[in-house]
Amino acid sequence: MSGSKGLNRQQMADRVAREFQDGWIVNLGVGIPTLCSNTDIGGRDITYHSENGVIGYGGVAAEGQEDLNLVNAGGQNVVLNPGAAVVHHADSFGVIRGGHIDATVMGAYQVSMTGDFANWKLKGQKGGGIGGAMDLAACAKRVFIILEHVTRDGSPRLVTACDLPVTARGVVTLVATNYGLFQPSGDGFRLLEIAPGLTVDDIRAATGGTLTVADTLRKIAPG
Amino acid sequence: MTQKSKLRSSFADAVADIADGSTIGFGGFAMPGTPFNLIQALKEQGAKRLTLVANTTGGAQQPRMPDIGMLVENGQVAKVICAFTAATRPTDVLPFTKYYESGEVDAELVPQGTLAERLRAAGAGIPAFYTPTAVGTELAEGRETRIIDGREYLLEYALKLDYAFIRARTADAVGNLRFHRSQRNFGPVMATAARITIAEIDDPVVPAGTIDPDDVHTPGIYVHRLVQVPPEPEGLWPTKRQERRK
């Protein structure tokens, strides 16, 4: 995180969470996506689904109030909201593959302009960590990705084509980075919103592939 | 009609007959549902050349509880079938990873939903199925796919187990089980996929007829041996994990 420009982790999560619509069933991946559940999105009713079969979980349990047999996908002890239900793993992934998830939010190493993304294996690594990412990526109605705009050494993470092994192809609908909000458009990335303190030229210089700018380009209001 | 109780006197007794070369599935997602006591007993029992099936090999979180990575470290394992051979965060290191990278132990990496469904299929008499998961990825390279209604799907095969080790909250003497919260996870599908299911149970095992039939999560026909988890420190229970570094 050191030296990163633009939005912080919570602000990136906030921007994505503001896309959630009333009545949606949402699956949050580990890391930054988890922070989406902190965002105040008014009276909208969101049901959070966790891949281990918990449908309708709430926030992290208060110190001393944890049920050690209740965790979210990241292994945090959470609480249940009224109306929650628990199912077994095959049914939980039936919820996912069956197209019942309105949106999934995941982290990634790379996103391509055709909507491919990579988040399970590093270059040259044997094996990796897939978890539920491939099921969610292939089957959720919308795939939202949150990632830092560039790597630690400054290389773009928004790229023409992923050079890391992909998690799924052509599925990403929206990308939030610390620099802005983007849509993979097939032949490039469309910049929809820009983070405070950045210019379009800054972003173009840090993005692989073609960058187009929406006519309606707006500044992201953090928080 | 009375049925014989499936309750065994010890974890050692419950795992005594497990032969070298067996395929064993383990319930558990993070701590909930992980059969810590059965894993510990299998480590002491010492069966070798095992194939283990689980969501993850464990060991990324502290404090470390018995996990199948410990069976790998103990030289008992030939192969692991799981959804993670490495941690989600590249900065976390799973103890298993080095055994895999050095080639000492084989692994088959399977998307989590595909893993659950392969087990479910095995228990339900479905030899194979098509799924959209992993299409277009390196996991699908060279494998059979099929276009159905205009979408491409990957063929996956059922995964049968010799044994399933699971953990539940409540059991009656004939093995009807109830799970508590996210303890359920892989438990029910592992139980149906296995020839012999061994369940470690949190609460004292109750007489048959105590659990209302409508409230059973896993029917006793899928459960063959029960072991009561003793209180700490003799028995192993989920613990609060330490906050991970930021």
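Attention in this report is confined to the structure presented alongside it. (Residues numbered from 1 in each chain as written. Chains lettered and ligands numbered in written order. Predicted model: local features only at pLDDT ≥ 70, side-chain atom pairs only at ≥ 80, totals over all residues.)

1. A short note on the overall build of chain B
Inference 1: Looking only at helices and strands, chain B has six helices and 13 strands in total.
Inference 2: The principal-axis extent of the C-alpha atoms belonging to chain B is close to 55 × 45 × 40 Å.
Inference 3: Burial statistics for chain B: of 246 residues in total, 53% are counted as buried.
Inference 4: A sequence separation of at least 24 residues applies to 78% of the contacts in chain B between residues at least 6 apart. (Helix = DSSP H or I, 4+ residues; strand = E, 2+ residues; numbered from the N terminus. Buried ≥ 20, exposed ≤ 12 C-beta atoms within 10 Å, placed from the backbone. Contact = placed C-beta atoms within 7 Å.)

2. Considering helix α2 (residues 89–97) of chain A
Residue and element names in this part refer to chain A.
Inference 1: Inspection of α2 places H89, A90, S92, F93 and I96 among the buried residues, and these make up the whole buried set. Buried residues of α2, viewed axially, fall in a sector of 155 degrees; they line one side.
Inference 2: Count one or two residues on from α2 and you reach G99, which has phi positive near 80 degrees. (Arc of directions from axis to C-beta.)

3. Here's the deal with the nonpolar core
Inference 1: Ranked by internal contacts, the top residues of the largest apolar core, which has 142 residues, are I145 of chain A together with L52 and M190 of chain B.
Inference 2: With near-sequence residues (within four places) excluded, I145 of chain A lies in contact with M106, A108, V111, F117, V172 and V175 of chain A. (Core = buried A, V, L, I, M, F, W, Y, C linked by C-beta atoms within 7 Å.)

4. Some remarks on the sheet that holds strand β13 (residues 211–219) of chain A
Residue and element names in this part refer to chain A.
Inference 1: With mixed pairing, 10 strands are arranged side by side in an open sheet as β4-β3-β2-β1-β5-β8-β10-β11-β12-β13. Looking at which strands have only one partner, the edges of the open sheet turn out to be β4 (78–86) and β13. For this sheet the average axis-to-axis angle between neighbouring strands, irrespective of direction, equals 30 degrees.
Inference 2: As paired elements, strand β5 (residues 103–107) and strand β8 (residues 143–146) share four bridges and run parallel to each other. If you follow T104 over to β8, its bridge partner there is V143.
Inference 3: The sheet contacts of helix α1 (residues 9–17) involve β5, β8, β10 (172–176) and β11 (180–184), and relative to β8 the element is tilted by about 165 degrees. (Pairing = 2+ DSSP bridges. Axes fitted to C-alpha atoms, helices over the stretch in contact; angles between N-to-C directions.)

5. Some remarks on unusual backbone geometry
Residues and elements named next belong to chain B.
Inference 1: Looking along the chain, the bond that leaves E232 and enters P233 is cis, with omega of 5 degrees.
Inference 2: Relative to the elements of secondary structure, P233 occurs in the segment after β13 (225–228).
Inference 3: You will see that A30, though not glycine, has its phi angle at about 55 degrees, which is positive.
Inference 4: Mapped onto the elements of the fold, A30 is located in the loop between β2 (23–26) and α2 (36–45).
Inference 5: Although it is not a glycine, R181 sits at a positive phi angle of roughly 50 degrees.
Inference 6: Mapping R181 onto the fold places it in the loop between β11 (177–178) and α6 (187–193).

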